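Structure at a glance
Below, each chain spelled out in residue letters.
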Amino acid sequence: MDKIQTVRINSLSYGGQGIGKLENGKVVFVSYALPEETVKIEIIKKKKSFAIGRILEIIEPSEKRIEPLCSAFGKCGGCVWQNIPYEEQAKIKESQVREIISHQIELKEEIFKPIIKAVNPWRYRNKIEFSYGMDKAGQIFLGLFRSNSYKIIDLDDCFLTDDKIKEILKTGRNFAKENNLTVFKMKKNEGLLRSLIVRYGFNTQELMINLVAANSDLPTSHLISGKNKIKEKIDDLTFLISPESFFQSNTNMTEVLLNTILNLIDSDKLENIYDLFCGTGIIGLFIAGKTKKPLIGIESNDSTILDAKENAELNQIGNTHFITGEVEKAILDISGNITANGLIIVDPPRVGLHPKALKVLTELKSATIIYVSCNPTTLARDLAAFVNSGFKIEVIQPIDMFPQTYHIETIVKLT
Ligand SMILES: C[S@@+](CC[C@H](N)C(=O)[O-])C[C@H]1O[C@@H](n2cnc3c(N)ncnc32)[C@H](O)[C@@H]1O
């Protein structure tokens, strides 16, 4: 097989790569190539059933192709779709959700709702983790990982975050240089600086910077200056965020997500709310605040649960109970109490629901489930299990929380 080939790109994968066919009929994935383009590629990896190619030349560009905003686009692992207009990105995500789910379950067209587009396609992230790196000449870098690599791309801005980031990147890099600090090298397991994690409250203008160092002599969490948590406001609620806690990364769109969920539930009938994988309690507290119904939240991370409890107090939402535990275990204790008018919210990490949690949930005789997913492939698998157990999918609502990337958030209502 020729290492250099000319390929026509037909579609995009979930993951953002262009998909085409090699001369021998094998599927090839090509990063940054778009549908309806002809590209000259070099085959960089061969697997049994597919290959991976790298663009050498765009022979016939797509009419939709645009100039990326960021000069690091194509090298940096952060964005995959800056070369596609935002409107088009949203359309692609909408059809990927439909395709991935329809592959597993046959559903009526009207169940799939049009995607809710992002309020801001740029500068929307409230959290970003930059890593320190060093080249052979000892020059210190601060930026993001190259795609599929541990190499660092040195950055002076990132268009996904607030523009304060420029000053922070400059300061973070100079701080390392001026103090002659070393950079952690994973292969040798030596050196000091690892990463700089920035969190920003868009509605409070509060800023948190965590400098992560690889030195066992340092305490695990050491406050250098300011407070140990920042606040962010979403709708009429205020949330505390600690360094280790999960917090939805797109502030504006979280407000849209919460209101979309609220509109999907029947507040009058609602008896209890179970927020599984509750994080700092955002979804459960929002619904409990609006409906005044009791809330139980489950989350595996200790410090996140402490934030959730504080958030309930801060917003004066009573009748809440937050439990530290793994959903797949903790659910066994609560499933017997879930009544027909109970609302279960599940918002698992990308792997989706653990088989044990899925088993308990699918065996419920009646309840409303709101499944919030950040990965349509595991969502499709879990939805198939619900449908096979007699649940009905009422609404599938994609919502774009992550413009310029291939990531898709989807809200599903099951009854
Ligand atoms: C996608 S986040 C959702 C958080 C929250 N619903 C929100 O909107 O902010 C998933 C959360 O699940 C937690 N988690 C991961 N695996 C878990 C498990 N097996 N049991 C309970 N929580 C888990 C993570 O710590 C994280 O906070």
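Just so it is clear, the structure is predicted and the values come from calculations on it, not from any experiment. (Residues numbered from 1 in each chain as written. Predicted model: local features only at pLDDT ≥ 70, side-chain atom pairs only at ≥ 80, totals over all residues. Heavy atoms only, no water.)

The next point concerns the layout of surface pockets. The space that makes up the second largest pocket amounts to roughly 1300 Å³. Lining the second largest pocket are 41 residues, and of these Ile209, Asn210, Leu211, His222 and Ile224 sit closest to its centre. For the lining of the second largest pocket, the elements supplying multiple residues, two or more each, are helix 2 (165-178), strand 9 (193-200), strand 10 (207-213) and helix 5 (302-314). For the lining of the second largest pocket, the residue count by class is 21 nonpolar, 13 polar and 7 charged. The residues that make up the lining of the second largest pocket include at least three from each of domain 2 (86-120 + 250-414) and domain 3 (127-241). (1 Å grid on protein atoms, 1.4 Å probe; cavity = no way out; pocket = protein on both sides within 12 Å on 5 of 7 lines; lining within 4 Å. Points joined across faces, edges and corners; volume = space filled by probe spheres on them. Helix = DSSP H or I, 4+ residues; strand = E, 2+ residues; numbered from the N terminus. Nonpolar A, V, L, I, M, F, W, Y, C, P; charged D, E, K, R; others polar. Domains from an automatic or database assignment.)

This next bit is on the pairing of strand 5 (residues 50-60). Bridge count between strand 3 (residues 27-30) and strand 5: 4 bridges; the pairing is parallel. Paired with valine 27 across the bridge in strand 5 is phenylalanine 50. With 8 bridges connecting them, strand 4 (residues 38-46) and strand 5 associate as antiparallel partners. Directly across from valine 39, in strand 5, lies its bridge partner isoleucine 58. The turn joining strand 4 and strand 5, which pair antiparallel and follow one another in sequence, is formed by 3 residues. (Pairing = 2+ DSSP bridges.)

Right, let's talk about the environment of lysine 293 for a bit. Tracing the chain through its elements places lysine 293 in the loop between helix 4 (282-291) and strand 14 (295-299). A sequence separation of 24 residues divides lysine 293 from isoleucine 317, and the C-alpha atoms of the two residues are 9.6 Å apart. When residues no more than four places from it in sequence are discounted, the contact partners of lysine 293 are Ser267, Asp268, Leu270, Glu271, Ile273 and Ala288. Separated by 3.5 Å, the side chain of lysine 293 and the backbone oxygen of serine 267 make a polar contact. (Contact = heavy atoms within 4.5 Å. Polar contact = N/O pair within 3.5 Å; in protein donor to acceptor, adjacent residues only side chain to side chain.)

This paragraph deals with the pattern of salt bridges. Counted according to the given criterion, the structure contains 22 salt bridges. The closest approach of N and O atoms between aspartate 157 and arginine 123, which form a salt bridge, is 2.7 Å. One end of the pair, aspartate 157, is in the loop between strand 8 (152-154) and helix 2; the other, arginine 123, is in the loop between helix 1 (86-102) and strand 6 (127-134), and 34 residues separate them in sequence. The buried category is assigned to aspartate 157, whose relative accessible area is 14%. The shortest N-O distance in the salt bridge between glutamate 310 and lysine 229 comes to 2.6 Å. Of this pair, glutamate 310 sits in helix 5 while lysine 229 sits in the loop between strand 10 and strand 11 (230-234), and the two are 81 residues apart along the sequence. Given a relative accessible area of 37%, glutamate 310 falls into the partly exposed group. We classify lysine 229 as buried; its relative accessible area is 16%. When salt bridges that share partners are traced, they join Lys3, Glu42 and Arg54 into one network. (Salt bridge = Lys/Arg side-chain N within 4 Å of Asp/Glu carboxyl O. Buried < 20%, exposed > 50% of the residue type's maximum accessible area, 1.4 Å probe, protein only.)

Spatially, 5 strands are ordered 1-2-3-5-4 in a closed barrel, and the strand pairing comes out mixed. In this sheet, adjacent strand axes meet at a mean angle of 50° when their direction is disregarded. Bridging between strand 1 (residues 4-12) and strand 2 (residues 18-21) involves 3 bridges; their strand directions are antiparallel. Bridge pairing in strand 2 links isoleucine 9 to glycine 20. (Axes fitted to C-alpha atoms, helices over the stretch in contact; angles between N-to-C directions.)

What follows covers the site of the ligand. Around the ligand sit 15 residues, and of these Gln248, Phe277, Glu299, Val327 and Asp347 come closest. Side-chain polar atom of glutamate 299 to an oxygen atom of the ligand: 2.6 Å apart, as the coordinates give it. Between valine 327 and the ligand, the recorded distance is 2.9 Å, taken from a backbone N or O atom to a nitrogen atom. In isolation the ligand exposes 600 Å². Once the protein is present, 86% of that is buried. When its residues are assigned to classes, the shell around the ligand shows 7 nonpolar, 4 polar and 4 charged. (Near = heavy atom within 4 Å. Areas by Shrake-Rupley, 256 points an atom, 1.4 Å probe, with all protein chains shown as cover.)

On to the nonpolar core, then. Among the nonpolar cores identified, the biggest contains 67 residues, and Phe130, Ile287 and Ile370 are the most heavily contacted of them. Counting the residues that make up this core, at least three belong to each of domain 2 (86-120 + 250-414) and domain 3 (127-241). (Core = buried A, V, L, I, M, F, W, Y, C linked by side-chain atoms within 4.5 Å.)

Turning our eyes to something else, we now look at the packing of helix 6 (residues 327-334) against helix 7 (residues 355-362). How two helices pack is summed up by the angle between their axes together with the distance between the axes. At a minimum axis distance of 8 Å, the contact between helix 6 and helix 7 shows a crossing angle of 25°. With respect to their mutual orientation, helix 6 and helix 7 come out roughly parallel. Crossing angle aside, the handedness with which helix 6 passes helix 7 is left-handed. For the pair helix 6 and helix 7, the contacting residues are Val327, Glu328, Ile331 and Leu332 in the first and Lys356, Ala357, Val360 and Leu361 in the second. Here the contact of helix 6 with helix 7 is built from residues that sort into 6 nonpolar, no polar and 2 charged. (Parallel < 35°, antiparallel > 145°, perpendicular 65-115°, else oblique. Left-handed = near helix turned anticlockwise from the far one by under 90°.)

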